Amino acid sequence: MIETHAHLYVDKFDEDRQEMMERAEEAGVKRFYMPNIDHKSIEPMLEVEEKFSNTIATMGVHPCSVEKHFEKQLYEVEDWLNKRKFAAVGEIGLDYYWDKSLIEQQKEALRIQVQFAKDHQIPVILHCRDSFDDTYDIIKKMNDDKLKGVFHCFTGTAEEAQKVIDLGFFIGIGGVVTFKNGGLAEHIPDIDLNRIVLETDAPYLAPTPKRGKRNEPAFLDLIAQKLADLKEMSKSDLIEITSKNATELFS
């Protein structure tokens, strides 16, 4: 399995990071992509990447970290992208759940960071909580053959998934698919498996039956099993396809 979205560097893993990584590898997770949050997370993220050879960093500013005067934040992102190779620009996007006072700043930060990805020819990792339509509209306007990416933590409908797929993007499926009233599972049979990648968003959104606990990449196996059940196929076949998708996404 390929874990396409896990914040392995946050302090919730400080006491048992080594053991957590061992559990993930025992569960069959072979590669881990780490989306950045903001300037405070860069150093710990790069330390994890240096310690664990199968972890890979990305670079961006999370929408919840976008400030009123965000230009300095994006200068730092651009500086890092020019200094070394990153797998993607992320985690970027729009979040209308926590705070709607900086929507215009979030939109402009998203546009600028999408352009960074196009300039560096790497994918984007998109966060779109309560903001699918606006995120989709921005990506559609900026989309071209230089842009690809993933709508992370997808919780929408099969129709919305098809809009994402029609852009040439992938869909990140995590623990929400296992939630009894999550609303996502019913749409999975109608979403093209060739555009789905696996993620946990650890340490957040642990899947059932671990819900309410700290999430970790070892639980990717529970998400894979749920998806396989919904697709009426073997878990091994599902893992093979989603891993191929992740490799294509982060090529």
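Looking at an unreviewed UniProt entry, one finds the protein chain named TatD family hydrolase, with Marivirga arenosa as its source organism. Recorded in UniProt for the protein chain, the comment headed Sequence similarities (unreviewed entry) runs: "Belongs to the metallo-dependent hydrolases superfamily. TatD-type hydrolase family."

Peer 1: Describe the pattern of salt bridges, naming the residues involved and giving the relevant values.
Peer 2: Counted under the stated rule, the structure contains 14 salt bridges. Linking Arg 214 and Asp 16 is a salt bridge whose minimum nitrogen-to-oxygen distance equals 2.8 Å. Taken together, the positions of Arg 214 in the loop between strand S8 (196-198) and helix H7 (220-231) and Asp 16 in the loop between strand S1 (2-3) and helix H1 (17-26) put the pair 198 residues apart, joining distant regions of the chain. One salt bridge connects Asp 38 with Lys 40, and the closest N-O pair in it is separated by 3.5 Å. A network of salt bridges, in which partner residues are shared, links Asp 16, Arg 23, Arg 214 and Glu 216.

Peer 1: Would you mind going over the nonpolar core in detail, with residue names and values included?
Peer 2: Formed by 75 residues in total, the largest nonpolar core has its most connected members in Val 124, Phe 151, Phe 169, Ile 173, Ile 191 and Leu 227. For this core, the leading source of residues is helix H4 (residues 103-120), giving 6 residues. Every residue in contact with Ile 173, bar those within four places of it in the chain, is listed here: Phe 154, Leu 184, Ile 188, Ile 196, Val 197, Leu 198, Glu 199, Ile 223 and Leu 227. Counting residues in hydrophobic clusters, the runner-up holds 11 residues, among them Tyr 33, Ile 125, Phe 170 and Ala 246.

Peer 1: Describe in detail the sheet that holds strand S2 (residues 31-34), supporting the description with residues and values.
Peer 2: Strands sit in the order S1-S2-S3 across an open sheet of 3 strands; the sheet is parallel. Two strands close off the open sheet at either side, each with one partner strand: S1 and strand S3 (55-57). Where S1 meets S2, 2 bridges bridge the pair, whose relative direction is parallel. By the bridge assignment for S2, Ile 2 is matched with Arg 31.

Peer 1: I'd love a proper account of the packing of aromatic side chains, names of residues and values included.
Peer 2: All told, the structure shown has 7 aromatic pairs when counted by the stated rule. Pairing Tyr 33 with Phe 250 gives two aromatic rings, centres 3.9 Å apart and planes at 15°, and the pair type is stacked. With Tyr 33 in strand S2 and Phe 250 in the segment after helix H8 (235-249), this pair connects stretches of sequence that are 217 residues apart. Its relative accessible area of 4% is what places Tyr 33 among the buried residues. Ring geometry for Phe 132 against Tyr 136: centres 5.9 Å apart, planes inclined by 15°, an arrangement best described as stacked. Taken together, the positions of Phe 132 and Tyr 136, both in helix H5 (residues 132-142) and 4 residues apart, correspond to about one turn of that helix.

Peer 1: Which residues make up the UniProt feature "binding site: a divalent metal cation 2" (unreviewed entry) in the protein chain, and what values do they have?
Peer 2: The sites that carry the UniProt feature "binding site: a divalent metal cation 2" (unreviewed entry) are, in the present numbering, His 127 and His 152. In three dimensions, the annotated residues from a span of 26 residues occupy one location, with a maximal C-alpha spread of 5.7 Å. Here His 127 lies in strand S5 (residues 124-129). The exposure class of His 127 is buried, given its relative accessible area of 10%. For His 127, the residues in contact, after removing those within four places along its chain, are His 62, Pro 63, Glu 91, Ile 92, Gly 93, Leu 94, Asp 95, Thr 135 and His 152. Here His 152 is to be found in the loop between strand S6 (149-151) and helix H6 (158-166). If sequence neighbours within four positions are ignored, His 152 has contacts with His 5, Glu 91, Ile 125, Leu 126, His 127, Gly 172, Glu 199 and Asp 201. Polar contacts involving the side chain of His 152 include one to the side chain of Glu 91, which spans 3.2 Å.

Procedures and definitions
Residues numbered from 1 in each chain as written. Predicted model: local features only at pLDDT ≥ 70, side-chain atom pairs only at ≥ 80, totals over all residues. Heavy atoms only, no water. UniProt positions renumbered as here; feature names shortened; annotations may be inferred. Salt bridge = Lys/Arg side-chain N within 4 Å of Asp/Glu carboxyl O. Helix = DSSP H or I, 4+ residues; strand = E, 2+ residues; numbered from the N terminus. Core = buried A, V, L, I, M, F, W, Y, C linked by side-chain atoms within 4.5 Å. Buried < 20%, exposed > 50% of the residue type's maximum accessible area, 1.4 Å probe, protein only. Contact = heavy atoms within 4.5 Å. Pairing = 2+ DSSP bridges. Phe/Tyr/Trp six-rings, centres within 6.5 Å; stacked < 30°, edge-to-face > 60°. Polar contact = N/O pair within 3.5 Å; in protein donor to acceptor, adjacent residues only side chain to side chain.

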